[in-house]
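Close look at the chain arrangement
One letter stands for each residue in the lines below.
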Amino acid sequence: MSADPSNPYRRPSLLVALLLALVVAALNIGLWWVGNRPHGPEDWHGPIGGFALSAFQRYQSPLKGDFPSDDQIDGDLKLLRQYSPNIRTYSMLQNPQIPRLAEREGLKVLAGAWIDTRLNNNDKEIAALIAQARRYRGTINRVLVGNEVLFRNDVPPHQLMAYLDRVRAALHQPVSTAEPDFIWEKYPELAQHVDFITVHLFPYWNGIPLTNNIPLTGTSRDVEHFPAIAAALGSYNTLRKMFPNKHIVIGEIGWPSNGVRVKYAEPSVSNEAIFDREWFNVAKRNHIDYYLFEAFDQPWKEQLGSSTEAYWGLFNADRQQKFPFTGPVTEDTAWPWKALAASLLALWPMVWFARRYARFKLTGRLFFCLLIQLACGLIVWSATLPFNFYLSWVDWTMLVLLFPAQIAILAILLINGFEFTEVLWRRRWVRHAGMLRPDPPEKQPFVSIHLACYNEPPDMVIVTLDSLAELDYDNYEVLVIDNNTKDPAVWGPVRDYCEKLGKRFRFFHLEPWPGFKAGALNFGLKETSPEADVVAVIDADYVVRHDWLATLTGYFHDPKVAVVQCPQAHRDFEHNRFRRMTAWEFDGFFRIGMHHRNERNAIIQHGTMTMVRRTALEGTGGWSEWTICEDAELGLRLMHAGYELVYVDELMGKGLTPADFKAYKSQRYRWAFGAMQILKGRWSWMTRKGPLSSGQRFHFLTGWFSWFADALHLIFTLMALFWTAGMVAFPHYFSLPMELFLIPVIGFFFAKAIFGIVLYRARVPCSWYDTLMASLASMSLSHAIARGILHGLTREKTSFVVTAKSRRMGGNSFAAFAPVREELLMALALVLCIVGMAHNYGTLYIESTLWMFILAAQSIPYVSAVIGAWIAHKAGDKPG
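So, a few notes on the structure that sits alongside this text. (Residues numbered from 1 in each chain as written. Predicted model: local features only at pLDDT ≥ 70, side-chain atom pairs only at ≥ 80, totals over all residues. Heavy atoms only, no water.)

Regarding the pairing of strand E4 (residues 140-147)
Rule in force here: Remark: exposure states derive from per-residue accessible area (1.4 Å probe, protein chains only) relative to the maximum for the residue type, with buried under 20%, exposed over 50%, and partly exposed in between. In this text, helices come from DSSP runs of H or I with a minimum length of four residues, and strands from runs of E with a minimum of two, each type numbered from the N-terminal end. Note: two strands are recorded as paired if DSSP finds a minimum of 2 bridges between them.
Burial of E4 is extensive: seven of the eight residues sit out of reach of the surface. Here strand E3 (residues 108-113) runs beside E4; their pairing, made up of five bridges, is parallel. Looking across to E4, one finds that alanine 113 is bridged to valine 145. Pairing geometry for E4 and strand E5 (residues 175-180), over three bridges, is parallel. Each residue of the ladder has a partner; that of asparagine 147, found in E5, is alanine 178.

The structure is reproduced here in structure tokens:
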């Protein structure tokens, strides 16, 4: 049978789907290209002035007493000799063989003695320096006593000057000490004790941008176009003016290839290439004596402070040159392979989606294909980025443990994105169901309405009974089942009112009775009239429309239909701020999520405003008493039995919202706990091929992912508190988290917020104010949901707490926060962490800024809970 060309839901050809996927894949490759466009710094030809040399190999560290061998140092010197005739060292005790090996290679050595707070060790360093300088007078052509000693405040100025004088008296070679420019300006008298000035210039650490964003082309450019170069040159010229009779040597100058951003200074391979090549040419034109910092990357230096310390080498730790001296420089030379891998990883999922969901508008298919490609690109980026860093086994262990969390974040993003796409860009709902024409009385299915009560205010229940008495339907009965209410003054008036309403209304008081609500409903099932075809369930606070049964029971003429479900809606909330925000929060799921699930016959059955085919209910075992979410479990069980569930988005009945924040939290905790009971109890149904369709398994496995995200949020918040406390108190042991993990988390936070707000504005008929307040209400439940998820996974049972719908006696203002004690403590802890980070790190590093942002984002649910509790307290008993 040929496809109807006028049918927009026909499955498109594989060619069309493939074309869409290829377009997105091409965009992905284009973005990788844009991010790795070649830069064209000025070419460099000729030798480099000199290298600052630390010869430790990839896994060696002086902190562990692990030093390079003669062969390793000799190999390094042979390599450096190809680029420069000069090297600089820092210690005479750590690598005493360097002068001997350098002499063999014909290198000139600026030899340094390491000076610090260990006075005895200082004497040994100076003695070794003097001895080596005398022995290798032709190789060691000048010496340094100390490296940034006054900058670190290791010894006082007069002590350093004494050391300098001692060495000058013992040697013929020129003597100096190395310090940053501001130290020489602070202690100009230091110049009287040296033969030449050795200065360290690092515009990167001063946060000076490398360029003014000019196109890097051509061979002759003004140094002012490179602020970092201009700053270094300016500092050099300032010292020349201060000390006109002293030769100036720049002992360290360079730019890192990786690490953290400092203000406007961005570390990268291309930026290191630009800085170094520009500096080589500037130094040559100005006849500047300098040593490039440094020859080789030194991974062990990460333990000294910032991760940037490891990435200053012209060569990486494996002795590979990072960039060429001529021609354009590419930041990541492997980007084509990464881009191709990301495109290939996404190609089949995009083709499948574009073909499978042809019923979506083209914009929707394109959007979700872009989302798939983004997820695959992030996977490739996350998997390959760690190889740009020098990571310890501890780092790799953490990466292996955290990588699944990254995958989980992307999975949740795609799941939310699928809902976003279907809701916004569907052409129509495939399984839309509306109100039916009422049947004549003789064709009406007989309905037994079950109303379970526990300790409910009798006035509230009577209002519900009145609405049931006014139903425009002939064939029905009402069973009111009160289970375990102790006080006869509570259940007695309800019993009396049922008697007043006539024989259609029957009242049962059960005490004691097991099974919570499910137990009461199972009792009601046994007492149901034999002629009943349908069992309807509503909560004790609902007021139903007169046409509820008349316009919906017709669906049961189809033997495949087991359930007809209406939204869980609310009344009397308009003028009570707390009830209003919770009412609109509830509404979002029924306007958005239920429609999304209904497309694959995978709705969540709710325990109110629901009708069930009696034979299906009894045939599958009745209401399950092993879970506190017996309604959702029944819906899943009926799907497993092959039945259809119908969702009609009509407000056929309205109940009351939870009375206060404690009740609101308690209800959502119960739902989360029950969901985990169902997940554990029916795991095999959801994970193995069987009666459930793939769409049903998808929704019942992934539908709770957002709640799992709340549980993960709690776990990660506790971990973040611990890690932040470590970074503040013990910065040498706890480093700033990598951008690798921070950027996807922040992106997920924004994406989820945008998805939620856009969907609310598109589907929920409320104002912007109500949308934002509903968002606040939703976020305020995060901690309660997290506790429900974790307890549900680790415990078998919990108490069934009935949601209070009438206001309980309040207290003073402090009592308002009693239901949110844990959230208040978490919020305060996160605020203290942000303050500690701001005090210790500020915004100097991009990682610290991102981390403070994440801490602030993590605090939002807890702050929302505190605000929600206060709103509930202030709203009090205001009428709806």
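Re the state of the cysteines
Heads up, the condition is: The definition used for a disulfide is geometric: two cysteine sulfur atoms within 2.5 Å.
Per the stated rule, a full pass over the model turns up zero disulfides. Here cysteine 369 is not cross-linked by a disulfide; its sulfur's nearest cysteine counterpart is in cysteine 376, at 11 Å. With no disulfide of its own, cysteine 629 lies 19 Å from the sulfur of cysteine 453, the closest cysteine sulfur. With relative accessibility at 6%, the residue cysteine 629 sits in the buried group.

A few points about the sheet that holds strand E10 (residues 476-483)
In plain terms, the rule: Only C-alpha atoms enter the line fits that serve as axes; for helices the fit covers just the stretch in contact. Angles between N-to-C directions range over 0 to 180 degrees. Contact between two residues is taken to exist if any of their heavy atoms lie within 4.5 Å; hydrogens are not considered.
The seven strands are arranged E11-E10-E9-E12-E16-E14-E17 in an open sheet whose pairing can be described as mixed. Two strands in the sheet have a free side with no partner beyond their single neighbour: strand E11 (505-510) and strand E17 (644-647). Geometrically, the sheet is characterised by an average inter-axis angle of 20 degrees between neighbouring strands, direction not taken into account. Across three bridges, strand E14 (residues 561-565) lies against strand E16 (residues 610-613) in antiparallel orientation. Note that in E16 the partner of valine 564 across the bridge is methionine 611. Sheet contacts for helix H14 (residues 488-501): E10 and E11; angle to E11, the most-contacted strand, approximately 155 degrees.

Observations regarding the sheet that holds strand E13 (residues 543-544)
Judged by pairing direction, the sheet is mixed, and its three strands sit side by side in the order E13-E18-E15 without closing on themselves. The sheet is open, and its two borders are formed by E13 and strand E15 (569-570), each paired with just one other strand. Two elements, E15 and strand E18 (residues 653-655), share two bridges in a ladder whose sense is parallel. Looking at the pairing, histidine 570 lines up with glycine 655 of E18.

Looking at the layout of surface pockets
Selection rule: Whether a set of points on the 1 Å grid over the protein atoms alone is a cavity depends on a 1.4 Å probe fitting there but being unable to get out, while an open set qualifies as a pocket with protein on both sides within 12 Å along at least five of seven lines; lining residues are those with an atom within 4 Å of a point. Grid points are joined across faces, edges and corners, and a volume is the space filled by probe spheres set on the points. In the scheme used here, Gly and all other residues not listed as nonpolar or charged are polar, with Ala, Val, Leu, Ile, Met, Phe, Trp, Tyr, Cys and Pro taken as nonpolar and Asp, Glu, Lys and Arg as charged.
Here the second largest pocket is characterised by a volume of approximately 1300 Å³. Lining the second largest pocket are 46 residues, with Trp114, Asn147, Glu148, Arg152 and Glu252 positioned closest to its centre. Mapped by element, the contributors of at least two residues to the lining of the second largest pocket are helix H4 (119-135), helix H5 (149-152), helix H7 (181-186), strand E6 (196-201) and helix H8 (227-242). Considering each element in turn, the lining of the second largest pocket owes the most residues, three residues, to H8. Of the residues assigned to the lining of the second largest pocket, the class counts are 23 nonpolar, 13 polar and ten charged.

Here we look at the packing of aromatic side chains
The cut-off we apply is this: Between the rings of Phe, Tyr and Trp (Trp by its six-membered ring), a pair exists once the centres lie within 6.5 Å; its type follows the angle of the planes, with under 30 degrees stacked, over 60 edge-to-face, and the other angles tilted. Criterion for a charge above a ring: Lys NZ or Arg CZ within 6 Å of the ring centre, and within 35 degrees of the ring normal.
As enumerated under the stated definition, the model contains 53 aromatic pairs in all. A ring pair is formed by phenylalanine 296 and phenylalanine 315, whose centres lie 5.6 Å apart and whose planes are at 40 degrees; its orientation type is tilted. Taken together, the residues span a long stretch of sequence, with phenylalanine 296 in the loop between strand E8 (289-292) and helix H10 (335-356) and phenylalanine 315 in the loop between E8 and H10 at a distance of 19 residues. A centroid spacing of 5.3 Å and a plane angle of 75 degrees characterise the contact between tryptophan 513 and phenylalanine 523, whose relative ring orientation is edge-to-face. In this pair, tryptophan 513 sits in the loop between E11 and helix H15 (516-527) while phenylalanine 523 sits in helix H15, placing the two residues ten residues apart along the sequence. A network of ring pairs unites the aromatic residues Trp44, Tyr83, Trp279, Phe280, Tyr290, Phe296, Phe315, Phe323 and Phe325 as a single cluster. Above the ring of tyrosine 357, the side-chain terminus of arginine 356 is found at 5.0 Å from the ring centroid. Sitting above the plane of the phenylalanine 700 ring, arginine 597 keeps its charged end 4.8 Å from the centroid.

Observations concerning a nonpolar patch on the surface
What counts here: Patch membership is restricted to residues that have no salt bridge and whose relative accessible area is over 30%. Joining uses 9 Å for like charges and 5 Å for the nonpolar side chains Val, Leu, Ile, Met, Phe, Trp and Tyr. Using the Shrake-Rupley algorithm and a 1.4 Å probe, accessible areas are obtained, with residue cover drawn only from the displayed protein chains. Salt bridges are defined as contacts in which a side-chain nitrogen from Lys or Arg sits within 4 Å of a carboxyl oxygen from Asp or Glu.
Taken together, the side chains of Leu19, Val23, Leu27, Leu366 and Leu370 present a nonpolar region at the surface, about 410 Å² in accessible area. Sorting the residues of the nonpolar patch by element identifies helix H1 (14-35) and helix H11 (362-384) as the ones contributing at least two each. Here the element with the most residues in the nonpolar patch is H1; it accounts for three residues. Looking at where leucine 27 falls in the secondary structure, it is placed in helix H1.

Observations concerning the pairing of E16
Of the two faces of E16, the one holding Thr610 and Val612 and the one holding Met611 and Arg613 are both buried throughout. As judged from the four bridges shared by strand E12 (residues 534-538) and E16, these two strands associate in the antiparallel manner. Counted as the bridge partner of valine 535 is valine 612 from E16.

Quick notes on unusual backbone geometry
That bond from phenylalanine 293 to glutamate 294 is cis: its omega, -5 degrees, falls within 30 degrees of zero. Take glutamate 294: it is sitting in the loop between E8 and H10. Of note, the bond from glutamate 511 into proline 512 is cis; its omega dihedral lies within 30 degrees of zero at -10 degrees. Its identity is not glycine, yet asparagine 601 carries a phi of approximately 50 degrees, on the positive side. One can find asparagine 601 in the loop between helix H17 (577-598) and E16. The residue methionine 609 is not glycine, and still its phi comes out positive at about 55 degrees.

Observations concerning helix H20 (residues 661-681)
Rules: To estimate the expected span of a helix, count its residues, drop one, and scale the result by 1.5 Å. Under this definition, polar contacts are N or O atom pairs within 3.5 Å; protein pairs additionally need one hydrogen-donor-capable and one acceptor-capable atom, and for neighbouring residues in sequence, both atoms have to be side-chain atoms.
The end-to-end C-alpha separation of H20 is 30 Å, in line with the 30 Å expected for 21 residues at 1.5 Å each. Between the side-chain oxygen at the start of H20 and the backbone nitrogen of lysine 662 there is a gap of 3.3 Å, and the oxygen is on aspartate 660.

Things to note about the side chain of asparagine 484
Take asparagine 484: it is sitting in the loop between E10 and H14. A residue is classified by how much of its surface remains accessible, and asparagine 484, at 17% relative accessible area, is buried. At 2.8 Å, the side chain of asparagine 484 forms a polar contact with the backbone nitrogen of tryptophan 513. Setting aside residues no more than four positions away along its own chain, asparagine 484 makes contact with Tyr454, Leu510, Glu511, Pro512 and Trp513.

What to know about the packing of H10 against H11
The condition that has to hold: For a crossing to be left-handed, the near helix must be turned anticlockwise from the far one by less than a right angle; the clockwise case is right-handed.
Direction vectors running N to C along H10 and H11 enclose 145 degrees, while the axes themselves pass 8 Å from each other. Considering the relative orientation of H10 and H11, their crossing is right-handed. The residues of H11 that touch H10, namely those facing Lys338, Ala341, Ala342, Ser343, Leu345, Ala346, Pro349, Met350, Phe353 and Ala354, are Arg365, Phe368, Cys369, Ile372, Gln373, Cys376, Gly377, Ile379, Val380 and Thr384. Among the residues forming the contact of H10 with H11, the class breakdown is 14 nonpolar, four polar and two charged.

Some remarks on the nonpolar core
For clarity, the threshold we go by: We call a set of buried residues a nonpolar core when its members are Ala, Val, Leu, Ile, Met, Phe, Trp, Tyr or Cys and they connect through side-chain atoms within 4.5 Å of each other.
The biggest cluster of nonpolar side chains holds 111 residues, and the ones touching the most others in it are Ile48, Leu53, Ile87, Ile250, Trp279 and Tyr290. For isoleucine 250, the contacting residues outside a window of four places in its chain are Val199, Leu201, Tyr236, Trp279, Ile288, Asp289, Tyr290 and Tyr291. Membership of the second largest hydrophobic core comes to 62 residues, among which are Val537, Leu679, Met686 and Phe700.

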